[in-house]
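Examining the three-dimensional arrangement
Next come the chains, spelled out residue by residue.
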Amino acid sequence: DAGITQSPRHKVTETGTPVTLRCHQTENHRYMYWYRQDPGHGLRLIHYSYGVKDTDKGEVSDGYSVSRSKTEDFLLTLESATSSQTSVYFCAISVSETTEAFFGQGTRLTVV
Amino acid sequence: ELKVEQNPLFLSMQEGKNYTIYCNYSTTSDRLYWYRQDPGKSLESLFVLLSNGAVKQEGRLMASLDTKARLSTLHITAAVHDLSATYFCAVDMLGSNTGKLIFGQGTTLQVKP
């Protein structure tokens, strides 16, 4: 799994509550990404980071924020969870912008 | 806007048969990736195709890239049950050096004995 740990692996939360998902890597890769996977949509990029404190938005960033204060950790926060954010969230890392990305095991989030 | 479309979305085939999965994308990009996902699992990198005409093979799978046609194919030769999985192609967003990927919807392959 390319030294990527996502936590938690499963979470059920209530609408309106804040949620933070963590991605931790041991590979010292510069690039980190958060994707969500929903049936019929493949994976869609939420946010990505190209270095400590350097982040940018992806396709579906509304309702999400991220932070990267250390190379190894990339946090995804849902400020106020909604049912539409029920999904499987994958973190990915890559050495550079032109190399393949390696994915974590995923976090299944259910918002009730 | 970059769009990536896979065809077919679901494929049921007999062991020993050959088939091809197609991946079309809408704007310029010179990098295309194929991933495999088993149910409930993470994504596993299969192939990285970096230039026009690139062809890569691993076991019973062969991937190719035609950047002029904006088309990649994943060919399955003499399918076996272990190849049952969902296969995704992905393209660099906007064809730029960002590493941000646009994924196809995925093709679920079911290989029957």
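Note: the structure precedes this text.
Residues numbered from 1 in each chain as written. Chains lettered and ligands numbered in written order. Predicted model: local features only at pLDDT ≥ 70, side-chain atom pairs only at ≥ 80, totals over all residues. Heavy atoms only, no water.

In this section: the pattern of salt bridges. Residues and elements named next belong to chain A. Following the criterion strictly, the structure yields six salt bridges over all chains and no others. Here Arg22 makes a salt bridge to Asp73, at a shortest N to O gap of 3.1 Å. One end of the pair, Arg22, is in strand 3 (residues 19-25); the other, Asp73, is in strand 8 (residues 73-78), with 51 residues separating them in the sequence. The exposure class assigned to Asp73 is buried, which follows from its relative accessible area of 8%. A single network of salt bridges, built from pairs that share partners, joins Arg22, Lys70 and Asp73. (Salt bridge = Lys/Arg side-chain N within 4 Å of Asp/Glu carboxyl O. Helix = DSSP H or I, 4+ residues; strand = E, 2+ residues; numbered from the N terminus. Buried < 20%, exposed > 50% of the residue type's maximum accessible area, 1.4 Å probe, protein only.)

Our focus in this paragraph is the side chain of Ser84(B). All names here are of chain B. Along the chain, Ser84 falls in the loop between strand 8 (71-76) and strand 9 (85-92). In terms of polar contacts, Ser84 uses its side chain to reach the backbone amide nitrogen of Val111, at 3.0 Å. The contacts of Ser84, once residues within four sequence positions are left out, are Arg36, Asp38, Leu109, Gln110 and Val111. (Polar contact = N/O pair within 3.5 Å; in protein donor to acceptor, adjacent residues only side chain to side chain. Contact = heavy atoms within 4.5 Å.)

Residue and element names in this part refer to chain A. The four strands lie next to each other as 1-3-8-7, forming an open sheet whose pairing is antiparallel. Each edge of the sheet is formed by a strand with only one pairing partner; in this case those strands are strand 1 (4-7) and strand 7 (64-70). Strand after strand, the sheet turns through a mean of 20° between neighbouring axes, direction not considered. (Pairing = 2+ DSSP bridges. Axes fitted to C-alpha atoms, helices over the stretch in contact; angles between N-to-C directions.)

Further remarks concern empty space enclosed by the protein. Going through the model one piece at a time under the given rule, you end up with one cavity of 30 Å³ or more. Surrounding the largest cavity, Tyr33(A), Ser94(A), Glu97(A), Thr99(A), Glu100(A), Ala101(A), Tyr33(B), Asp92(B), Gly99(B) and Leu101(B) form its lining. Looking at the lining of the largest cavity residue by residue, the classes come out as four nonpolar, three polar and three charged. (1 Å grid on protein atoms, 1.4 Å probe; cavity = no way out; pocket = protein on both sides within 12 Å on 5 of 7 lines; lining within 4 Å. Points joined across faces, edges and corners; volume = space filled by probe spheres on them. Nonpolar A, V, L, I, M, F, W, Y, C, P; charged D, E, K, R; others polar.)

Further remarks concern the layout of surface pockets. The volume enclosed by the largest pocket comes to roughly 510 Å³. Lining the largest pocket we find 29 residues, and of these Gln37(A), Val88(A), Arg108(A), Gln37(B) and Gly40(B) sit closest to its centre. If you list the elements that add at least two residues to the lining of the largest pocket, you get strand 4 (31-38), strand 9 (87-94) and strand 11 (107-111) of chain A together with strand 9 of chain B. Element by element, the count of residues in the lining of the largest pocket is highest for strand 11 of chain A, at four residues. Here the lining of the largest pocket is composed, by residue class, of seven nonpolar, 17 polar and five charged.

With that out of the way, let us pick up unusual backbone geometry. Of the consecutive residues Ser7(A) and Pro8(A), the connecting peptide bond is found in the cis state with omega at -10°. Residue placement: Pro8(A) occurs in the loop between strand 1 and strand 2 (10-13). Geometrically, the link from Asn7(B) to Pro8(B) is a cis peptide bond, its omega value of -5° lying close to zero. Tracing the sequence through the fold places Pro8(B) in the loop between strand 1 (4-7) and strand 2 (10-14).

With that out of the way, let us pick up the interface of chain A and chain B. Counting residues at the interface gives 21 residues for chain A and 22 residues for chain B. The junction of chain A with chain B conceals about 1,700 Å² of combined surface from both sides, 56% of it contributed by carbon and sulfur atoms. Linking chain A with chain B are zero salt bridges, by the criterion used here. One can count six residue pairs in polar contact (both at pLDDT 80 or more) joining chain A with chain B. (Buried area = accessible area lost by both parts, 1.4 Å probe.)

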